[in-house]
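# Commentary on secondary and tertiary structure
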Amino acid sequence: MDIQATLKDTISSILKEKYAIEDAKTDLSATRAEFAGDLTLLVFPFVRASKKKPEDTAKEIGEALLEKIPDVVCGFNVVKGFLNIEISKNIIADEFDKAYSTEMFGYIAPNKDEKAIMVEYSSPNTNKPLHLGHIRNNLLGYSVARLLEASGKKVIKTQIINDRGIHICKSMLAWKLFGNGETPENTGEKGDHLVGKYYVEFDKAYKKEIDELKGKGMSEEDAKKNAPLIIQAQKMLKAWEEKDPEVRALWEMMNTWVYGGFKQTYERLGVAFDKNYYESNTYLLGKDNVNEGLEKGVFYRRADGSVWIDLTPDGLDEKLVLRGDGTSVYITQDIGTAISRFKEFNIDSLIYTVGNEQDYHFKVLFLILKKLGYQWADRLYHLSYGMVDLPTGKMKSREGTVVDADDLMDDMVRTAREISEELGKLDGMSSQEKDSLYNMIGMGALKYFILKVDPKKRMMFNPKESIDFNGNTGPFIQYTYARIQSIKRKYGDLPKEAVKIGTLDPREENIIKNIANFPSVIQKAAAAQSPAQVANYVYDLVKEYNSYYQNVPMLSAEDENVKTFRVQLSDMVGRVIKNAMATMGIDVPERM
RNA sequence: GCUUGGGUAGCUCAGUUGGAUAGAGCAGCAGUUUCCUAAACUGUUGGUCGCGGGUUCGACUCCCGCCUCGAGCACCA
């Protein structure tokens with residue numbers, strides 16, 4: 001049983017006996033460094049019942065604690081209404097023993113009997129390569145999935161690939177018209193980049209046509225509708241829907257190119273999926289569900305045949321769910337897809353990782369599913385995140401002004417290489433090992449930089465200045481890990497059981513207390529779907545450890561027992577670093 | 001206009017269910033390598049927590065109003 005729970009129980013019973021307070025909220029927090037003690041209880045909420053001054057109330061509770069659990073509490077002090085409780089040193093040492101002997105400390109093995117959580121992320125379009133926005137999406141989604149797994153949940157990772165629609169036809173058409181038979185094979189270009197190039201080409205040619213039509217006196221609106229290229233693209237979409245063999249063959253060929261490119265990008269990013277959905281298979285889903293809802297009276301039909309839901313009683317608007325001609329809109333297939341997912345996988349809940357520009361869409365979607373009577377609608381979550389801003393302005397993939405995912409990763413790895421070579425600590429490593437290390441560091445920097453920020457926030461990304469390898473960064477944490485591994489190598493084989501030493505250095509106590517918190521950090525971060533909480537936790541731990549490392553001798557400690565203990569403590573910090581970073585998909589190196 | 005998310009140091013960000021003197025990194029300044037990896041450590045400069053009210057023993061945190069930046073308000077996805 002952990003200390004906090006013991007303390008809370010005891011405090012509750014004291015409050016009951018002395019002041020007749022039932023079910024009191026006992027807030028225990030870590031005592032601030034400026035004060036003596038380990039855990040602090042706020043007694044303000046109890047003064048009304050105790051009818052005593054805060055100081056006296058705190059003193060009374062403190063004395064009762066000493067009397068009741070003298071093996072846990074060894075002292076206390078009172079500052080105003082704050083009761084600072086001192087925990088017995090033995091207990092702190094026990095905490096360390098427990099952590100040290102726990103395999104995969106902080107993680108809980110998934111419960112096989114529980115239903116899984118499905119996490120959807122990435123969801124790319126097959127007309128262009130992945131960009132910076134996708135990187136935030138992928139890292140967040142993947143990391144939340146890992147975090148949930150660490151917290152003991154079963155997880156199914158999925159993506160829905162938007163492989164159909166007018167935007168896909170645009171790049172197909174442009175390739176057909178201007179492509180000259182270019183392929184990834186004959187150009188050596190990555191498939192998704194090649195296709196993306198033609199998406200940009202389409203937009204250029206389309207704009208030119210619009211300008212020409214406007215020159216002839218047509219309004220901008222009409223010009224956009226009547227430009228020959230857009231008409232052709234629409235024709236192509238129709239042909240695709242009618243399964244025209246030629247269009248389908250072109251579509252499949254170009255999509256295959258794109259998937260080849262995505263595969264590489266995903267591998268570099270270190271993300272993966274258990275199940276892929278393709279919009280070309282799901283875009284007709286949902287119509288039956290709409291009809292059912294129509295019968296139930298959830299939806300209503302207008303005179304023109306279109307189907308709507310009135311959400312104004314819920315403070316939202318009226319929303320179209322089926323067009324007058326019976327064809328679907330976006331939300332129709334989302335309704336159908338969600339229902340089929342719960343059916344097919346018998347999942348408990350579903351998390352959508354999608355940018356915050358779709359907040360409203362998901363609010364509406366979840367509400368519709370609830371009104372259709374699905375109990376699980378309460379367990380649908382939109383993992384919403386803010387845009388990534390650039391100093392130069394907005395990214396526009398149509399115009400090709402994006403930070404490409406592959407380019408960015410190249411930059412990061414190159415920077416890692418430059419810094420590593422300058423520092424020159426890697427003698428004796430093969431060039432292959434070095435490459436994999438540069439990759440680990442560059443990707444670690446990128447992932448940590450993005451994940452440490454609260455998802456809700458927009459974030460500024462300045463490719464030149466933002467990425468730092470010093471301070472609160474991935475490489476800072478990786479570096480600490482590498483130093484710990486070096487110490488372990490020099491020490492040799494460590495005893496499996498944690499050794500006991502007489503007195504702990506205050507820094508050691510703090511580090512142990514921090515380590516002991518790790519499991520609850522994982523649980524809280526998973527519940528909040530926030531990798532940022534893990535990032536901040538591990539940063540604090542590392543900072544504390546580095547200060548300890550710099551000021552306390554380890555291998556050169558005089559007492560053999562103390563030496564072993566310090567290396568074991570370091571080892572434990574390393575294990576926590578590794579497990580924490582793993583939830584963010586970040587690897588840690590043996591040396592750097 | 002309505003809905004929604006931000007606004008904390010020069011910059012990028014933390015800040016737990018309201019708690020003690022609001023914290024980090026970067027940048028700036030000043031230091032630390034005969035010693036376990038200096039991608040580190042130590043010290044220091046820098047704040048009207050957007051503004052104004054309210055609730056409370058206590059407010060960056062909760063409530064109301066305002067200012068400001070962004071996003072969403074399609075028979076697009």
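The written sequence of each chain sets the order in which its residues are numbered from 1. Naming scheme: in the order in which they are written, chains are lettered from A and ligands are numbered from 1. Side-chain atom pairs in this predicted model are given and counted only at pLDDT of 80 or more, local residue features only at pLDDT of at least 70, and totals for whole chains, interfaces and linings cover all residues. Side-chain numbers here rest on the full set of heavy atoms in the structure, without hydrogens or water.

### As for the packing of helix 5 (residues 132–150) against helix 17 (residues 431–451)
Taken N-terminus to C-terminus, the directions of helix 5 and helix 17 make an angle of 80°; their axes are 10 Å apart at the nearest point. Considering the angle they form, helix 5 stands roughly perpendicular to helix 17. Here L132, I135, R136, L139, L140 and S143 of helix 5 come into contact with helix 17, specifically with L446, K447, I450 and L451. Each residue receives one of three labels: charged for Asp, Glu, Lys and Arg, nonpolar for Ala, Val, Leu, Ile, Met, Phe, Trp, Tyr, Cys and Pro, and polar for the others, Gly being one of them. Among the residues making up the contact of helix 5 with helix 17, the classes are represented as seven nonpolar, one polar and two charged. Comment: axis = line fitted to C-alpha atoms, over the contacting stretch for helices; angle = value between 0 and 180 degrees taken between N-to-C directions. Going along the chain from the N terminus, every DSSP run of H or I of four or more residues is numbered as a helix, and every run of E of two or more is numbered as a strand. We call two directions roughly parallel when the angle between them is under 35 degrees, roughly antiparallel when it is over 145, roughly perpendicular when it lies between 65 and 115, and oblique otherwise. Only heavy atoms enter the contact rule, under which two residues are in contact if any of them lie within 4.5 Å.

### Topic: the pattern of salt bridges
Salt bridges are defined as contacts in which a side-chain nitrogen from Lys or Arg sits within 4 Å of a carboxyl oxygen from Asp or Glu. The full count for this structure, using the stated rule, is 36 salt bridges. Of the charged contacts in the structure, one is a salt bridge between R341 and E120, with a shortest N-O distance of 2.8 Å. Taken together, the positions of R341 in helix 14 (residues 330–345) and E120 in strand 5 (residues 117–120) put the pair 221 residues apart, joining distant regions of the chain. As far as burial versus exposure is concerned, R341 and E120 are alike and both buried. Throughout this description, buried means an accessible area under 20% of the type-specific maximum (1.4 Å probe, protein chains only), exposed means over 50%, and partly exposed covers the range between.

### Thoughts on the sheet that holds strand 10 (residues 318–322)
Should DSSP find at least two bridges between two strands, the strands are regarded as paired. Strands sit in the order 8-9-10 across an open sheet of three strands; the sheet is antiparallel. The outermost strands of the open sheet, each flanked by one partner alone, are strand 8 (300–301) and strand 10. Judged from the four bridges that link them, strand 9 (residues 307–310) and strand 10 form a sheet pairing that is antiparallel. Note that in strand 10 the partner of I309 across the bridge is K319.

### As for the domain arrangement of chain A
The split of the chain into domains comes from an automatic or database domain assignment. If you check the domain split of chain A, you get domain 1 (3–87), domain 2 (165–270) and domain 3 (405–582). For domain 1 versus domain 3, the distance between C-alpha centres works out to 35 Å.

### Thoughts on the sheet that holds strand 3 (residues 73–79)
With antiparallel pairing, four strands are arranged side by side in an open sheet as 1-2-4-3. In this open sheet, the two edge strands, each paired with only one partner strand, are strand 1 (28–30) and strand 3. Along the sheet, successive strands turn relative to each other by an average axial angle of 30°, direction set aside. Seen against the sheet, helix 3 (residues 54–68) touches strand 2 (39–42), strand 3 and strand 4 (82–87) and runs at an angle of roughly 180° to strand 3.

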